[in-house]
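Here are the chains, one letter per residue:
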Amino acid sequence: MRFLVLGSMNIDNTFSVEHIVREGETISSHGMSRSAGGKGANQSASLAKAGANVCFAGKCGSDGRWILDLLKTYGVDVSLSIVGECNTGMAMIQVDDKGQNSIVLDAGGNRLWQEDEVKTILSSFNEGDVIVLQNEINLLPLIIEEAKRRGMIVVLNPSPFDNAISSLPLDSVDWFFVNEIEGKALTGEDGFDEILNAFKKLYPGASIVLTCGKKGAYAMVGGDICYQEIIDYPVVDTTGAGDTFLGFFLSSFLRGESAEKSLLTATKASAIAVSRKGAMRAIPLKTEVL
Ligand code: RIB
C-alpha cells in the first residue's frame, strides 16, 4: 500500500508577533523566518516521518525546488512533482505569543494543475493505495472521482474550508479529517456528538477523525467512536499541528493499529509539533514519538 499526497506546497513566511494584527493596524514582529510548508507537503512529511511509504505530487516554480529536496531527506518520493514556469505557493503566517496563528495564502502553482497532469499521476496508483487531499489545490472533484474509479482509498482534509467543499463528490470520501469548525460546516451541527452522529447519517461508509483543539480528538470507524484527550505540552506554534496529526494517525491505523492507539500516537506527535517553531520542520520523527 502506498500513500499519494496530491497537494499543496508553500514557502511559509512566519512572523512572530505579540498579537495577530488588527484591521488598520501596523505592528512589528519580534522575528521572522522562512520555512517549508503547505498542507500537502506537511502531511507527506508527517506520513514519511511516521514510517509510511509516501509519494508527494506538488507543483511549484524553481524557487520551491528546495522544499522537494527537503521532503526527499524525510524519505518522501517526489518524482511525480512538477517544477514549472509558475510561482511557488506562499504563506504569510503570524504566530502570536500564545502560539496561535493566522495565515494568508497565495496559491501559485498549487492551483494551476491541468487535467492531463493529475490523470497521469493517478495512473501510477492502484486499488488499495491511499490518496490524501486537502483544499489548497484545484481540480479536486476530478481527482476524487478518478481516484475512486481506480479503487484508491480517498482521504479528505477539507482545509482551509470554503463553500466549494460542499460541491465535492463527498460520497466518494472514505476518511474525513476535520476540526470542529469544518465538522460543523459540513454537518450543520454543533457539539462533538452531534457532529459525529450527523457524519454517520450523511456518509455512512466513511470514517471520521474529528480534532477539537484543547478538547482532544475523536475517531469514528465503522460506527464505533473513541476519544483521546490532549497531552498538555508547552505551546510555541500550532502551525501544522493538524497535518502532523493526520500523518501519524493514518500511518498507524492503516498499518493495523487500533483507532485508540492511533489517536494516542497522533496526539503525542502533534503535542511535540506544537512545542516547536514552524510547520514541516516541527513534525517529530516516529522514534521521538515512541
Ligand atoms: O497547515 C499548515 C499550513 O497551512 C502551513 O504550512 C501553510 O503553508 C498553510 O498551507
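Residues numbered from 1 in each chain as written. Predicted model: local features only at pLDDT ≥ 70, side-chain atom pairs only at ≥ 80, totals over all residues. Heavy atoms only, no water.

## Remarks on the pattern of salt bridges
Item 1. In the structure shown here, the tally under the stated rule is 9 salt bridges.
Item 2. Note that K184 and D190 form a salt bridge whose closest N and O atoms lie 3.2 Å from each other.
Item 3. Exposure remark for K184: the relative accessible area of 40% places this residue in the partly exposed category.
Item 4. Residue R276 pairs with E288 through a salt bridge whose shortest N-O separation is 2.3 Å. Separated by 12 residues along the polypeptide, R276 in the loop between α8 (259–274) and α9 (286–289) and E288 in helix α9 bring together distant segments of the chain.
Item 5. R276 sits in the partly exposed class, given a relative accessible area of 26%. (Salt bridge = Lys/Arg side-chain N within 4 Å of Asp/Glu carboxyl O. Buried < 20%, exposed > 50% of the residue type's maximum accessible area, 1.4 Å probe, protein only. Helix = DSSP H or I, 4+ residues; strand = E, 2+ residues; numbered from the N terminus.)

## Focus: the pairing of strand β1 (residues 3–6)
Item 1. What you see with β1 is no split at all: F3 and V5 on one side and L4 and L6 on the other are buried throughout.
Item 2. In the sheet, β1 pairs with strand β4 (residues 54–57) via 4 bridges, with the strands oriented parallel. Its bridge partner being in β4, V5 is matched across the sheet by F56. (Pairing = 2+ DSSP bridges.)

## Regarding the nonpolar core
Item 1. L71, V132 and F249 are the most contacted members of the largest nonpolar core, which totals 41 residues.
Item 2. L71 has contacts with A41, S44, A45, F56, V76, V78 and M280, leaving out every residue within four places of it along the chain.
Item 3. One finds I131, L140, L156 and L170 within the second-largest nonpolar core, a separate group that totals 37 residues. (Core = buried A, V, L, I, M, F, W, Y, C linked by side-chain atoms within 4.5 Å. Contact = heavy atoms within 4.5 Å.)

## Comments concerning the sheet that holds β4
Item 1. One open sheet accounts for 8 strands, arranged β4-β1-β9-β10-β11-β12-β13-β14; its pairing is mixed. The sheet is open, and its two borders are formed by β4 and β14 (224–228), each paired with just one other strand. Strand-to-strand, the axes of this sheet are offset by a mean angle of 15 degrees, without reference to chain direction.
Item 2. In the sheet, strand β11 (residues 175–179) pairs with strand β12 (residues 207–211) via 5 bridges, with the strands oriented parallel. When the bridges of β12 are listed, W175 appears paired with S207.
Item 3. Here helix α1 (residues 39–49) sits on the sheet and contacts β1, β4, β9 (130–134) and β10 (153–157); the angle it forms with β4, its principal contact strand, is near 170 degrees. (Axes fitted to C-alpha atoms, helices over the stretch in contact; angles between N-to-C directions.)

## Comments concerning unusual backbone geometry
Item 1. A cis geometry characterises the amide bond from S159 onward to P160, with omega recorded as -5 degrees.
Item 2. Among the structural elements, P160 can be located in the loop between β10 and β11.
Item 3. In this structure, L139 is a non-glycine residue whose phi angle is positive, near 65 degrees.
Item 4. Following the sequence through the fold, L139 ends up in the loop between β9 and α4 (140–149).

Any functional reading would require information that these geometric values do not contain.
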